[in-house]
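So the chains spell out like this:
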Amino acid sequence: MKFFYRKGLNPPLTRKLNLKIMLTECFILTIILSAHANVTNPGIVNNLNKKGIEVNSKLQHIINGVVMDAFGVPLPGASILEKGTTNGVQADFEGEFQIDLASKDAILVISYLGFVTQEVEVNGQSSVTITMEEDIANLDEAVVIGYGERTKKSIAGSIEQISGEVLENRPVTNVLNGLQGVMPGLTVTRSSGTPGGEGYALNVRGLTSINGGNSPLVLIDGTEGDLNLLNPNDIESTTLLKDASASIYGARAAGGVLLITTKTGKKNKKIRFSYTTNYSTNVVSNLTERVNIKQWVEMDWEAKLASGSIPQFAGGGTLEEVLAKIDAKAEPDDIGGNAYLFYEDVDWDSILFDDGIQTNHNISIDGGGDRSDYSTSFGYTRVDGILSDGWDSDERYNLRLNHGYDITDHLRLESKISYSRSRTLEGPRGSSNVFALRNKMFTWFPVYTLSGDTYGEQWGFENPKQWASKDPGKSTRIRENLDGNFKLSYKIFKDLKLQSQAAINRRIGNDEHFRNIVPRTNYNGTPAGFSQSKTELQYWNQNSTYKNFSLYFDYHKIFAGKHDISLMGGTSHEENENKSFWASRDNFSQTEVLSLNLGSTENMLNSSNANQWAIRSYFGRLTYVLDSKYVAEINYRRDGTSVFSPEKRWGDFGGLSLNWIASEERFIKKLNTFDFLKIRASYGTTGNQNLNSANLYDYIALINIGGVYPFGNGERAQSATEAGLVSQSRTWEDLETANLGLDFAFLGSRLSGSLDVYKKNNNNMLLGVNLPSVLGGSPPAKNIGSLETKGFEFSLKWAEALSTDFSYGISGYLSDNTNILVDLDGRDLISSTREGYALGTIWGYVWDGIIQNQVELNEYKKLTGIPNDIQVGDARYKDINGDGKISLYDDQGNDGDVVDLGTNAPRYSFGFNLSVKYKDFDFSTFIQGVGKRSVFYEGAFAIPFEQPWWQPLKRFYGNTWQPDNQGAKYPRLTTGGTRYWNYRTSENTRVNGAYARFKNITLGYSLPQEVLEKLNISKLRIYFSGEDLFTIDSMTGGYDAENTNGSDVFYPFTKRYSLGLNLTF
Amino acid sequence: MKKRLTKIIALFAVLAFMMSCDKELNLYPLDQVSDGSFWKVPSDFEKAANAFYGGLPGASGGYDQDSDIAVGGSSNTISNGSLIIENGPGWSGQYATIRGATRLIERYESALDIQSDIERYAAEARFFRAMTYHNLVSTFGDVPLVKRALDLDSEELDAPRAPRAEVVDYILEDLDWAIAHLPLESELVTSEKGRVTKGAALALKSRVFLFEGTWSKYHGGGDSNAYFSLSIDASQKLIESGEYELYTGSSTNSAYRFLFLEEGEGSKESILARRYNRDLEIFHNTTRLVMTFYNAPTKQLADMYVCSDGLPISVSPLFQGYDLMTSEFENRDPRMAQTMLVPGTEFDYLGLRTFIPSIGGTNESTPSGYMPFKFVSDNSEAQLGKAYNDYMAFRYAEVLLNHAEALYERNGSISDSDLNLTINKLRDRVGVAHLTNSLVNSYNLSMLEQIRNERTVELAFEGFRFNDLRRWKQAENKLPVNLLGVKYTGTEYENSPPNDVKTIQVDSDGFTIADDAIRRSWDDKLYLFPVPVEQIQLNPNLLPQNPGW
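Residues numbered from 1 in each chain as written. Chains lettered and ligands numbered in written order. Predicted model: local features only at pLDDT ≥ 70, side-chain atom pairs only at ≥ 80, totals over all residues. Heavy atoms only, no water.

Colleague: Where do I start with the confidence of the model for chain A in this structure?
Modeller: With 92% of its residues at a pLDDT of 70 or more, chain A shows a mean pLDDT of 84. This model gives residues 1-59 of chain A a pLDDT under 50, and the stretch forms 71 contacts once residues within four places in sequence are excluded. (pLDDT = per-residue confidence, 0-100. Contact = heavy atoms within 4.5 Å.)

Below is the structure:
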């Protein structure tokens, strides 16, 4: 507890300030709310009267004070109460207050949301400065739950909430990027570094179903929203419902619920302008490591000879001669057929890639008058990718206006309107195609021909430089979201509120894909045909309208001072209609103006798609808190969906949560150990209806019309095919979730944490039935599967302020889950979806080393099921069932020689956060990682010479078996068929994918208070930040540990260095 | 105050009412038709039949690499005997076609009001179903016989495999119905060109029953002569229909090659073709694929071409030996030079070039030393990867060859007049002396071998050879041997760069080894492919597995 005395505080300050408030409010109201003609000033005046200094003859000791946080930031609205009385005031927007006390020696109780309540002895002073300590456990913080709010202390379920600040102070351009690793239980993955095409995926607590439904339902201000286009700066808080608390969202909550609340203004708050910006350099990293020309020639020579074919450079002489030519950078050898052998290494990477740039600007204005509050923001973000030339960027604009208005004392209207627009530019085949070409292409191919064109032809190879330029064409993808969200709440009685909400979200997508003529050129400059032989323009338009109407009442009352009862109930309707259309033309006579109408009319094509779905719901929740100690909550939801047949349409879901806030018990208090201790138990059900457009009408037998077959003189005859077999009985997947949790805080709340263990059961998972192929069609999914997922989350936080100058915090979490497919309705196949095993189980042979000599070879060749051209240096797998045959199955159809190699799902996800504040400096770092993961590479990454004309990657060089390298990890090089045998999935091809990545390191400096006051601004912070700078892992060859696919076709993630500024005044 | 309260409550009541109607949950597709509203008009059946045409074999640069007459860039796992059970061919796609065809036939049977207008589509469905069952039977032997569109709980899902003969009978039933209900080629209007005709069904019947006849003759089981008769009857009817004739172009030195290129497209030799179209951007890449020499002919094929006197090279005085790159091409059946590019030929392939083979396994070199030429177009568009000419899935020449072979196999002999009706028509096209009984007798040749060789050279690289070797039970003799190329030792090749002397392997007679016998083997189990193990897993009644697997 600290006291600071402030000199020169002026007693009549309060009055002056109130006048200021009034003037500001009039101004704002006039500007922003001019549409509301019935708004009148008297309301404000009345309010001022109410708020003005109360006259009480008994009070005689006037004391002035200011309330601020550890950094000297005023805490407006802090409540100051004279202990033992009802006499209290609130701090104004500069944190200042004036109170008349009954006694000179009174004790002031100062409380503010999110801070530890303080008691201050006045001791006859006339002014006090109160520094509030942040309440680390934040038990009174309001947490958003489904259709309502609770304090953190009294929430019943396993719920995680983070504030928007987590995203604000980092150069985060995408909300999903910012959420990665910050919430225990929430996994965010990205599949590409392509600007605007990162492929983020969300998952809560592992898999729920093989049908999707594994990502949480994302609700932005209560309606389904799009995180990709949301402005991270607009977020006030993010809440994750992980257990039975999600049941209130019933049918769509199988994957948990992520509730995003956007920022609103505060009533009676001065207008505030904020500007944040940052500028980042995105540095190329994590590129696949490639062999140089010499290594390539050696590997090719070895591999080709091993398979009885001819090395590529054989025409240039013996191996020694060829290597000597490389050393001498010899002139290319013409080997006929417009093909050459080149003897120089080309540094493709420096030609293709360059550092990217990322900029971000955000302006927001918020505040509030007596009856209304507003928050408006404008954001702009631009990311330029790492291709040094060519289209590779993403740009986004965000506009938001959130406004609340008390129409009467009982009726409040809130409107939240946002518009966002993103524009992504890529080459006609996408940016990652450049990486695919680069990874496979020989390092000794020249970039340019003798005549200076991009070299475009030798054995069909395409030049990545040509595809990384602007010449081949351009794809423009525009996505626009226009979201309107209106909420009307009416206070019928003091304790009963009626709320109605209407939201309409428009999603518009507009693509233009232009393909230009792409010629190829032989090295000698002669034309070699075309990669794209004609110009082509395609337009694509999609628009969808999502509507969500809900109506519910909310009742809350405390009886007899200890029975705290909340009751909520209501209904909602959601519907979505989605339509898309595309059209194309080709053979444009010019490429200056690209518009569909300018193309040739010969090949005009067009098509359309449309679909719709709807859900009706009824829901309710009863919460009972006894004596602030015992919390019981029941929720219920009934959903009906258009996706299932009328008989199978309705589903009932519900949850029960019980809490015991043990730290409120006298006997625990006596221990003097726990500042807070809560034990939670919950059980609930949610549904999964697998809402994707491919199976919206699975109960209706449908015909697909499509395709063309050229009868006659090109008749474009369409064909009709069965869309798939149908099932009338298909219905909801029901997911049961049980959760046990513990929240605790010790040592003056400096140490806090929580532990959750959970189990989820999907008891009637929809599975595509495995039926014999003689069926001839794709069987529909039936509710026959059963999946069980178990896991835990553990988080711990230590925070301490050692002095007003120095505070620090350390927090971390660890979470894990596993699943098992309990039931798959019999039909048993060795596959990634197999009864008794985890989803995504990888099956492999048992590695038995490399055949080292002829004796071992002869012995091994006694087995069947092995390649007949197997040689010394090839792989050997165990015949584990001893039937003399290496095979998947034995003759009876039982498992043969494969074993469960686990899955590639990340295990033991962890996050670690350190933050330090010293005087005006702040430092924080954030590490995210995975404790255990198996990676099995694919394609060119998995096998050297997977195709004889793909270059082997560097991780194989020197690591393959040779007579003088018998201890090599990998079998001999060959382009023969045994290479597939040698790289069959086994323990030998497994790669340890565990990693810890420094996602963010930030060093910030805030201008000191004295300087700020002079400048008349309230906050100015500059920071330097690095994202993804270091990674600890054991991946080889330039493979990024965070990459979730095993393929080499991958736009790598970048390291980002950025400089940022936050300014508020 | 009270008034306002009433208003507000009324407002919420309206909102609640708006949400309470329940009809919104009955939603229907916006871009698909339901099966119930389909199958009403003839064009529905036509659309359903159109779906089968994608199943016709398409143009490819690599047919016959699974046999002894072609080698590719790497050794073929079927041809070299290293196929292992897990990567054997599947049958899922085949049963999908069968389901589609069966559904159409079932709908036809119940569409009484429009039946006469849709007969031909039902017949097309039967044609494709027969073709598919033939693919299955010829690959796997006994296979499940599914005669109706199954449901999820149909007992046929767990049925054992039907005996080969039973499936073949079913094929016959389909084909006879199709033959009776399909139009003649000459009856098609322009917009119908490319559809299945009576001729196509007859051609398929001739193919199926020649296959089954020889299979039962050489592998045992079944009445081979009855099958031969069915084949002969079908080819006879087709020949007598007068609907088809060989494409003769303008010259014996180009007609055969042009038949497969733009020049020969749509000729009267084509019975049923997989169609490609420029306007619709439906193209194939055959020319380019072939010319990267990934489909190199072998000496096995080269030696099968007779000399212009009609005699095999072993006996013909016209054969010029191997000393020069071009000598073996002299005085030979002109089909040889139209199937393989003669070394030294000046040919406009993206610019005028003189083609000298580079022996090897790398890009633009040929493992055998022979360069392919059949399917290679003069058209630069095709050379760049976009060819739009149709690919014949059934052509008249095959029917003539089927006819000759079936006659000989059934009767043990073939008359000169039957030879003139069949094989000698093919020889006339290219200007080679006739095959006659007296020629065979006077040189002590085998008539059967002459018929088989004629078939092999005429149909080279059209995907027949491996199946022919299987049904003749000749794979065990023809496959596990060195696949040879040009004669290297002591010939012009030896001193001709850019061949790489260090890596060219030759056999004891000096012929280039394109695929070494060391890496090749044959096991009799390969005569029938294994039933996919997954299918056995799903339905154990499919056991026993085919012999040897």
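Colleague: Sorry, what's going on with the sheet that holds strand 4 (residues 88-90) of chain A here?
Modeller: Across a sheet, paired strands are connected by hydrogen bonds in the backbone, their directions being either parallel or antiparallel. All names here are of chain A. Spatially, the four strands line up as an open sheet ordered 4-3-6-7, and their pairing is antiparallel. The open sheet has two edge strands with one neighbour each: strand 4 and strand 7 (118-121). In this sheet, adjacent strand axes meet at a mean angle of 20° when their direction is disregarded. As paired strands, strand 3 (residues 79-82) and strand 4 are joined by three bridges and run antiparallel to one another. Bridge pairing links Leu81 to Gly88 in strand 4. (Pairing = 2+ DSSP bridges. Helix = DSSP H or I, 4+ residues; strand = E, 2+ residues; numbered from the N terminus. Axes fitted to C-alpha atoms, helices over the stretch in contact; angles between N-to-C directions.)

Colleague: Would you mind showing me how to read the packing of aromatic side chains here?
Modeller: The geometry of two aromatic rings is summed up by the distance between their centres and the angle between their planes. Inspection of the entire model under this criterion finds 75 aromatic pairs over all chains. Taking 6.1 Å as the distance between ring centres and 10° as the angle between the ring planes, the aromatic pair formed by Phe211 of chain B and Trp215 of chain B counts as stacked. Here Phe211 of chain B and its partner Trp215 of chain B are both found in helix 6 (residues 198-219), four residues apart, which amounts to about one turn of the helix. Comparing Phe211 of chain B with Trp215 of chain B shows no difference in burial state: the two are buried. Both rings, one in Phe375 of chain B and one in Tyr391 of chain B, keep their centres 6.1 Å apart while their planes meet at 35°; by these two values the pair is tilted. Of this pair, Phe375 of chain B sits in the loop between strand 8 (371-372) and helix 12 (380-383) while Tyr391 of chain B sits in strand 9 (residues 391-395), and the two are 16 residues apart along the sequence. Phe375 of chain B gets classed as buried once you look at its relative accessible area, which sits at 7%. Chaining the aromatic ring pairs together yields one cluster made of Trp296, Phe313, Tyr340, Phe342, Tyr343, Phe442, Trp444, Phe445, Tyr455 and Tyr523 of chain A. Of note, Arg126 of chain B hangs over the ring of Trp177 of chain B, and the distance from its end group to the ring centre comes to 4.8 Å. For the cation-ring pair, Arg195 of chain B lies above Phe711 of chain A, with the distance from its terminal atom to the ring centre recorded as 4.4 Å. (Phe/Tyr/Trp six-rings, centres within 6.5 Å; stacked < 30°, edge-to-face > 60°. Buried < 20%, exposed > 50% of the residue type's maximum accessible area, 1.4 Å probe, protein only. Lys NZ or Arg CZ within 6 Å of the ring centre and 35° of its normal.)

Colleague: Would you mind going over helix 6 of chain B with me for this structure?
Modeller: Owing to its 3.6 residues per turn, the α-helix brings residues three or four apart onto one side. Compared with the 32 Å implied by 1.5 Å per residue over 22 residues, the 31 Å span of helix 6 of chain B between its first and last C-alpha is a close match. A large share of helix 6 of chain B lies buried, amounting to 18 of its 22 residues. (Expected span 1.5 Å × (residues − 1).)

Colleague: Where do I start with the nonpolar core in this structure?
Modeller: Note on soluble globular proteins: their nonpolar side chains tend to be buried together. Judged by nonpolar contacts, the single largest core of 123 residues is most densely connected at Phe45, Tyr95, Leu104, Phe127, Tyr133 and Phe394 of chain B. Excluding residues within four positions of it along the chain, Phe127 of chain B makes contact with Ala178, Val196, Ala200, Ala201, Leu204, Leu272 and Phe394 of chain B. Membership of the second largest hydrophobic core comes to 56 residues, among which are Ile293, Phe435, Leu437 and Ile943 of chain A. (Core = buried A, V, L, I, M, F, W, Y, C linked by side-chain atoms within 4.5 Å.)

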